[in-house]
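# Understanding the architecture of this molecule
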Amino acid sequence: MKAKYSSAAMNRSISMMVLGSVTGSAMLSSCVSTAGKADGDTGRPNVILILTDDQGYGDLSVHGNPVLKTPNLDRLHDQSVRFTDFHVAPMSSPTRGQIMTGRDAYFNGCTAVCMGRSMVREELPTMAGLFKESGYRTIQIGKWHMGDSYPYRPQDRGFDETVHHGAWGIGSIADYYQNTYWDAVFEANGETSEYDGYCTDVWFDLARDYILNSTKSHEPYFMYLATNCPHAPHLCDDSYSDPYIERVSTLQEARFFGQIANIDENMGHLMSFLDSLGVADNTLLIYMTDNGSSRGFNVYNAGMRGHKTEPYEGGHRVPLFIRWPQGNIGEPRDIDALTECQDLLPTLVDMCNLKKPDGLKFDGQSLLPLFKGKRDDFDDRMLVVQYDNPYRPEENNAVLWRKWRLVMHKELYDLETDPAQQTDIADKHPDVFKKMTDFYDAWTNSTMPEYSKTRYIHIGNRKANPLMLYSSDWSGSYADNDGNLFAGDSKGKWFIEADSKGDYEVTLYRWHPVSGIALNEPAEDKAGRTRGAVPVVSARLKVGQFDEIVQTTDGQASAKFMVSLDKGSYELETMFYDKEGNELCSAYYTKVELKK
């Protein structure tokens, strides 16, 4: 049964929001606590980490954008310590995995946005887990994009409460059937719930509700609010995009800016709300983005080359604002030291006195010395930006050192004299080139053993039974969006771990199970077109020693199999066939349930 939440009802209780299975005051988390000390004389802060999607460094008016207006983010900028040489991965999931673990993407395993490589290895501690073990309540709101099956969901990775859409965004294959940016269905701690209003408004309304209710508790909270905007599809109310239509070249650019304008408005509401509750001074507020701009770079890119997916500065240099008035971090100012998103977790460990498991290592380093004006440990550091680029695999890496940039292991740029990275000077500085290529080669040798480790989705576990497998998490074809789904030609397999010996029912679907659409029938896309039919007449399941084909009939929406499995690791493969026995596609959705 779906519950319904109205985003306009900002002051409702958490229980009415369906933020968890517990009701009433037991669900309410966290106000300012004096249980710990962050810098000698300050109680542990509440922590709010806000991550926007596809907003680049230049997509802020305070950074010089001549079109976009972001007055509230500009105000946050003016109140914050700003890191002006701060880097992430050029695409979504790798950045998120690096934030959550403090480890490079090639070490933590979350190196791509799908194809079975968007999941952080399950044995690695996460930011949420460290906060939780240290006495914080933890809540995740919005975009996750690090796995949609157990044990990779946010509730499996340390979050007490979670409300999120599937995979990369609203409308992705792993998202709820026919979801849109308005009045969508999201997952709230594993249960589907309908939320009234525009998606970004819903995320921030949930955040304010949680913060309001937290004043009744004496535990600090860690909130991870990750918007799906301004990622495509670029949709927003006209009131936000209309001011830009005459000032940009395309409607998509206007809507992209409109999405950011809406984020800016919501940030203003959030900041005012913290002020009104009297908790702003001891709230550690962090604002950043997940990669370079996906659309706004055509209008303004802060003088940088490149954009989302690319290894040039515009692909991975992003804003980082940190505000904590009571935190002894100094006056608002720019810090130009070379930093990366892997630095956030070790920084928060220090700032919030988080318990750190013995032997836990980070690739990032704490920013705390920089707040105190000590930068010796940063002046000569060398960093690698690398992820699995599904579009141009050869363009997936950059090495950063001081103001030098080694791009794709072959091009060298000096940002001091060439901030737009227009002139390759590798042949003029062979010593620098060698130093950086040697560092990259050593880094690769150290990370590849971890990169090669398989991540298994677990079945037959009481925490997720039944369990849905999505094509976005399989190893095989790139298949995480409607274009892939309607093409009906994607193929892949899942690596699974059976946690229980028993009989499993495995159900194969061509379309989202909620749709009820038959295996051989078309579906209606978001443009109202009916398409995507494939002539399915049989279905196959192969897992372990089990390999069986069943015939299907017109109007049949799924194909079921029963298979007995021992505990252990398996590859689960599916396939649909036409009447000639030709392979058509794998099952984009596969449900696995332990029966006995």
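Quick caveat, the model's predicted, so the values are computed rather than measured. (Residues numbered from 1 in each chain as written. Predicted model: local features only at pLDDT ≥ 70, side-chain atom pairs only at ≥ 80, totals over all residues. Heavy atoms only, no water.)

## Focus: the nonpolar core
Heads up, the condition is: Grouping buried Ala, Val, Leu, Ile, Met, Phe, Trp, Tyr and Cys residues that are joined through side-chain atoms within 4.5 Å yields what is termed a nonpolar core. Accessible area is worked out with a 1.4 Å probe on protein chains only. A residue is then buried under 20% of its type maximum, exposed over 50%, and partly exposed in between. For this analysis, residues touch if any pair of their heavy atoms sits within 4.5 Å.
Counting residues in hydrophobic clusters, the biggest one holds 50 residues, and the most contacted among them are Val543 and Phe576. The residues touching Val543, leaving out its near neighbours within four places in the chain, are Ile496, Val563, Leu565, Tyr570, Glu571 and Leu572.

## Thoughts on the packing of helix 7 (residues 238-245) against helix 8 (residues 251-277)
Put simply, the rule reads: For helices, the axis comes from a line fit to the C-alpha atoms of the stretch in contact; other axes are also lines fit to C-alpha atoms, and the angle between any two N-to-C directions lies between 0 and 180 degrees. Only DSSP runs of H or I covering at least 4 residues are called helices, and only runs of E covering at least 2 are called strands; the numbering of each starts at the N terminus. An angle below 35 degrees is treated as roughly parallel, one above 145 as roughly antiparallel, one from 65 to 115 as roughly perpendicular, and anything else as oblique. Whether a crossing is left-handed or right-handed is set by the direction in which the near helix is turned from the far one by less than a right angle, anticlockwise for left-handed and clockwise for right-handed. Note that Gly is not counted as nonpolar here; it falls among the polar residues with everything else outside the nonpolar set of Ala, Val, Leu, Ile, Met, Phe, Trp, Tyr, Cys and Pro and the charged set of Asp, Glu, Lys and Arg.
Across the interface, helix 7 lies against helix 8 with an axial gap of 7 Å and an inter-helix angle of 125°. The angle between helix 7 and helix 8 falls in the class oblique. Considering the relative orientation of helix 7 and helix 8, their crossing is right-handed. From helix 7, Tyr240, Ser241, Tyr244 and Ile245 reach across to helix 8, where they touch Leu251, Ala254, Arg255, Phe257, Gly258, Ala261, Asn262 and Glu265. In terms of residue class, the contact of helix 7 with helix 8 is made up of seven nonpolar, three polar and two charged.

## Some words on the sheet that holds strand 16 (residues 397-401)
Under the convention used in this document: Any two strands between which DSSP finds at least two bridges are classified as paired.
Spatial ordering of the open sheet is given by 15-16-17-18, a layout of four strands whose pairing is antiparallel. Whereas interior strands pair on both sides, the edge strands pair on one side only; in this sheet they are strand 15 (382-386) and strand 18 (411-414). Between one strand and the next, the sheet's axes are offset by a mean angle of 15°, whatever the strand orientation. With five bridges joining them, strand 15 and strand 16 adopt antiparallel strand pairing. From the neighbouring strand, Leu383 faces strand 16, where its bridge partner is Leu400. Running at roughly 60° to strand 15, helix 13 (residues 430-451) makes contact with strand 15, strand 16, strand 17 (404-407) and strand 18 of the sheet.

## Structural notes on the sheet that holds strand 4 (residues 86-87)
The mixed open sheet is built from three strands, whose spatial order is 11-4-14. Strands at the two margins of the open sheet, each flanked by one partner only, are strand 11 (317-318) and strand 14 (339-340). As defined by bridge partners, strand 4 adjoins strand 14 across two bridges and the pair is classed as parallel. Its bridge partner being in strand 14, His87 is matched across the sheet by Glu340.

## Looking at the pattern of salt bridges
Here is the rule we go by: Here, a salt bridge means any Lys or Arg side-chain nitrogen found within 4 Å of an Asp or Glu carboxyl oxygen.
Scanning all chains against the criterion turns up 34 salt bridges. Among the ionic pairs, Arg405 bridges to Asp85, the shortest N-O distance being 3.2 Å. Of this pair, Arg405 sits in strand 17 while Asp85 is found in the loop between strand 3 (81-83) and strand 4, placing the two residues 320 residues apart along the sequence. Arg405 sits in the buried class, given a relative accessible area of 1%. For Lys595, the salt bridge is made with Glu593, and the minimal N-O distance between the two is 3.4 Å. What you see here is one network of salt bridges that share partners, running through Asp53, Arg96, Lys143 and Asp290.

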